[in-house]
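So the chains spell out like this:
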Amino acid sequence: MSEKVLSVQDVTMQFGGVVAVNNLSLEVHKGEIVCLIGPNGAGKTTAFNVITGVYAPTNGAVEFEEKTIISNYPQGKMEKLYAGEHKGKYKKVLEPTPDKITKLGIARTFQNIRLFKSLTVLENVLIAKHMRMKANVFADTFLINWKEEKKMREDALELLRILDLYELKDEKSSSLPYGKQRHLEIARALATNPSLLLLDEPAAGLNPQETDELTDFIRKVRDQFHLTVFMIEHHMNLVMDISDRIYVIDFGKLIANGTPNEIQNNQRVIDAYLGVAEDE
Amino acid sequence: MTEKKNTQLKILFSVIALFVCAGILFCVNHYTRPTFMLRTVMQLGAIYGLVAVSMNLLNGFTGLFSLGQAGFMAIGAYAFAIFTIPAKSRPGVYYLYGVADWLSNLQLPIWAGLVLAGLVAAILAAIIGAPVLRLKSDYFAIATLGFAEIVRIIVGSSPMNRITNGSLGLKMIPKFPNFYFPFIVVGICILIISLLIRSSYGRAFKAIREDEIAAEAMGINLAKHKQLSFIISSFFAGVSGALMGMYLGAITSTTFNVTLTYNILLIVVIGGMGSITGSILSSFLVIAAREWWLRFLDMEMFIGSFKVPLLKSGFRMVVFSLILMIVVLFFRQGIMGTREFNWNFILNRLRKKKNAGGEGCE
Ligand SMILES: Nc1ncnc2c1ncn2[C@@H]1O[C@H](COP(=O)(O)OP(=O)(O)O)[C@@H](O)[C@H]1O
Ligand SMILES: [Mg+2]
């Protein structure tokens, strides 16, 4: 439980006057499954978007495997508008695009599934392997790198076999049942060879049985691929069942963190979140 | 094991198809008069086919709605003409303004001219790509259309007189050495584009078309891959421009005006965005209709002493525009959609029939 994989440091994300993530700090250690929970609009997806390079944070930094990969401070118009804390603490600007982050070894899925809809299951996975390709366009077009291409295909098929998607390899991805689409999105993320997997509400829209299958699926994936998993989730059964630790945010701010047991008995969390969830 | 058999079948079919195509070309060449319309339609259809496929690489496969293809054709055609017009004909071509000194004795062989045409177009694409590709879809379309017009105007402008012969244009461009030439060049180019599309880079292009955000999250560098697609597409547009120059023998800047862009777009949309075979098929159909089957729409016609209404010069374009609107409104997929007419397509069809027939047996 020692090695830090991800460390989010004082991250604030402000859109105009709206502070979506407010001074968020958290850590994820190697091999853990950590959940991020909070009411709708709390800023969970925005936090993921910052970690994966979709948005540059307004202030703060993100470390991955002990190296700073993202860092920013309020500049330009934001200098006056900035409503968060720790102004002046960060002085470096480091804003990689999402593809760079993925290359480093952080892969993600999306809250509303974003598969390559008209392409097949196999193609979806192959595309995720493209960034590791060594050949240039010329070599790739004229099949000079046929060995690499063959290896890519074998790896992709092997991955599909492990994840029980092999039978579906030639199906159009949009024609898959919803639960399988969720599995495929995780498979596609795995094809990028990540060490950290970010899942944004992977059980959203699934029925109870599919949710159970997904729970097993995530555990299996973590164990087989020696991954660290950081996920956003609403299904409390799933969260309490699977998490090693839980972070809770509300209105962009961290309000609690701890083991599932601690969180279940935390009065602030019950007030802010669990109470609401029971009403639903 | 069935996969291996399938591959063998496909290779066999491909060889047969190649022979059939060659046979058709041979027959047309040997048994038709040189003025026969079919010859024109086939050659022009092939040239339009290439530029349509190159546009499809951008619009249909990478999801970048470009309208700049005519501009890159113009560049290719002019680059080709400038470097391949026979040195002894140059004084005649540039009789009014004279020819730039460095050009007067330069003359490249045809194949080198074709490659050069593509390269010049590709280099220009690389230069304008960086700023233009950052624009969102509709602005990108407008910017590329504007670019095509700017190219046309610069090429025809007076400071370029001693290179492009200004508004007079260029003539004495080498003709096709034989009837088969354009088909061979177009065949090779389209084969290369098809190979690209089925490669890993081609898949990355399709990923960008399907969902930019997801593609980027899967590690695909958007800027690099869009640029790549833009440059490659422009290269082949340049080559098709050169072929157009050879076909016509003479070009001016108005050869490559907005109407050309419109025609190419028409072909791509009718064939199906995202289908190479669709573009080729539709190219021959559209050219045949325009140059041959629908010619009569532009001519006044009398039946006895009755003058058929509407038929007069320009009516053809009205009909074409109507066809485009009907396709866009009711057949948005075009002829092929994103499917390809290949052996898999045919084998699958056959197998489905078989399965439907023999359901009870197994
Ligand atoms: N690009 C954006 N521009 C402006 N506001 C945004 C943007 N993205 C998210 N927000 C705001 O940030 C808040 C948090 O949203 P989100 O992170 O999606 O919440 P969650 O995933 O926890 O449900 C919301 O109030 C949302 O309106
Ligand atoms: Mg969310």
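Residues numbered from 1 in each chain as written. Chains lettered and ligands numbered in written order. Predicted model: local features only at pLDDT ≥ 70, side-chain atom pairs only at ≥ 80, totals over all residues. Heavy atoms only, no water.

**Here's the deal with the pattern of salt bridges**
A full pass over the atoms with the stated rule returns 20 salt bridges over all chains. Residues A:Glu158 and A:Arg161 are paired through a salt bridge, measuring 3.3 Å at the closest nitrogen-oxygen approach. On the criterion of helical spacing, the pair formed by A:Glu158 and A:Arg161 is a turn pair, its members being three residues apart in helix H6 (residues 146–162). Residue class for A:Glu158 comes out partly exposed when judged on its relative accessible area of 39%. Measuring nitrogen to oxygen at the nearest pair gives 2.7 Å for the salt bridge that ties B:Glu291 to B:Arg290. Each member of the pair B:Glu291 and B:Arg290 is classed as buried. Connected through salt bridges with shared partners, the residues A:Arg222, A:Asp223 and A:Asp244 form a single ionic network. (Salt bridge = Lys/Arg side-chain N within 4 Å of Asp/Glu carboxyl O. Helix = DSSP H or I, 4+ residues; strand = E, 2+ residues; numbered from the N terminus. Buried < 20%, exposed > 50% of the residue type's maximum accessible area, 1.4 Å probe, protein only.)

**Some points on the interface of chain B and chain A**
Taken together, the contact between chain B and chain A spans 26 residues of the former and 32 residues of the latter. Carbon and sulfur atoms supply 62% of the area buried between chain B and chain A, which totals about 2500 Å² over both sides. Together, B:Tyr201, B:Arg203 and B:Met218 form the three largest contributors to the area buried by chain B at its contact with chain A, with a combined 29%. On inspection of chain B and its partner chain A, the count reaches three salt bridges. The salt bridge partner of A:Glu123 is B:Lys206, with a shortest N-O separation of 3.9 Å. Put simply, the parts of the chain that give the side of chain B that touches chain A at least two residues each are helix H8 (181–198), helix H9 (200–210), helix H10 (212–217) and helix H11 (222–248) of chain B. Here the side of chain B that touches chain A takes eight residues from H9(B), the largest share from any one element. Split by residue class, the side of chain B that touches chain A holds 14 nonpolar, five polar and seven charged. (Contact = heavy atoms within 4.5 Å. Buried area = accessible area lost by both parts, 1.4 Å probe. Nonpolar A, V, L, I, M, F, W, Y, C, P; charged D, E, K, R; others polar.)

**As for helix H4 (residues 121–129) of chain A**
With eight of nine residues buried, H4(A) is to be regarded as a mostly interior element. Taken together, the buried positions of H4(A) are A:Val121, A:Leu122, A:Asn124, A:Val125, A:Leu126, A:Ile127, A:Ala128 and A:Lys129. Of the surrounding secondary structure, the elements contacted by the buried residues of H4(A) are H6 and helix H7 (178–190) of chain A together with H9 of chain B.

**Points about the site of ligand 1**
Residues and elements named next belong to chain A. Ligand 1 sits among Phe15, Ala20, Asn40, Gly41, Ala42, Gly43, Lys44, Thr45, Thr46 and Tyr55. One of the backbone nitrogen or oxygen atoms of Gly43 is found 2.9 Å away from an oxygen atom of ligand 1. A total of 560 Å² of accessible area belongs to ligand 1 in isolation, and the protein chains cover 61% of it. Looking at the shell around ligand 1, the element that brings in the most residues is helix H1 (residues 44–51), giving three residues. When grouped by side-chain class, the residues that make up the shell around ligand 1 number four nonpolar, five polar and one charged. (Near = heavy atom within 4 Å. Polar contact = N/O pair within 3.5 Å; in protein donor to acceptor, adjacent residues only side chain to side chain. Areas by Shrake-Rupley, 256 points an atom, 1.4 Å probe, with all protein chains shown as cover.)

**Regarding the coordination of the magnesium ion (ligand 2)**
Residue and element names in this part refer to chain A. Distances from the magnesium ion (ligand 2) to its protein donors, namely Thr45 (OG1) and Gln111 (OE1), fall within the range 2.0 to 2.2 Å. Of this pair, Thr45 sits in helix H1 while Gln111 sits in the loop between strand E6 (106–108) and H4, and the two are 66 residues apart along the sequence. Residue classification places Thr45 among the partly exposed residues on the basis of a relative accessible area of 26%. Owing to a relative accessible area of 30%, Gln111 belongs among the partly exposed residues under this scheme. (Donors = N, O, S within 2.8 Å, 3.2 Å for Na, K, Ca; no water.)

**Re the packing of H7(A) against helix H8 (residues 208–224) of chain A**
Residues and elements named next belong to chain A. Following both chains from N to C, one finds H7 and H8 inclined at 15 degrees, their axes separated by 10 Å at the closest point. By the angle class used here, H7 and H8 are roughly parallel. Where H7 crosses over H8, the handedness of that crossing is right-handed. Facing H7, whose interface residues are Gly179, Arg182, His183, Ile186 and Leu190, H8 presents Glu210, Leu214, Phe217 and Val221. Within the contact of H7 with H8, the residues separate by chemical class into five nonpolar, two polar and two charged. (Axes fitted to C-alpha atoms, helices over the stretch in contact; angles between N-to-C directions. Parallel < 35°, antiparallel > 145°, perpendicular 65-115°, else oblique. Left-handed = near helix turned anticlockwise from the far one by under 90°.)

**Quick word on the environment of B:Gly219**
With respect to the helices, strands and loops of the structure, B:Gly219 is situated in the loop between H10 and H11. Through-space distance from the C-alpha of B:Gly219 to that of B:Ala204 is 9.8 Å; in sequence the pair is 15 residues apart. In this view, B:Gly219 contacts A:Asp99, A:Thr102 and A:Met131; residues no more than four positions away in its chain are not counted.

**Re the layout of surface pockets**
Residue and element names in this part refer to chain B. A volume near 440 Å³ is recorded for the second largest pocket. No other element matches the four residues that H11 contributes to the lining of the second largest pocket. Per-class residue counts for the lining of the second largest pocket are eight nonpolar, six polar and six charged. (1 Å grid on protein atoms, 1.4 Å probe; cavity = no way out; pocket = protein on both sides within 12 Å on 5 of 7 lines; lining within 4 Å. Points joined across faces, edges and corners; volume = space filled by probe spheres on them.)

That is the geometry; function is a separate question.
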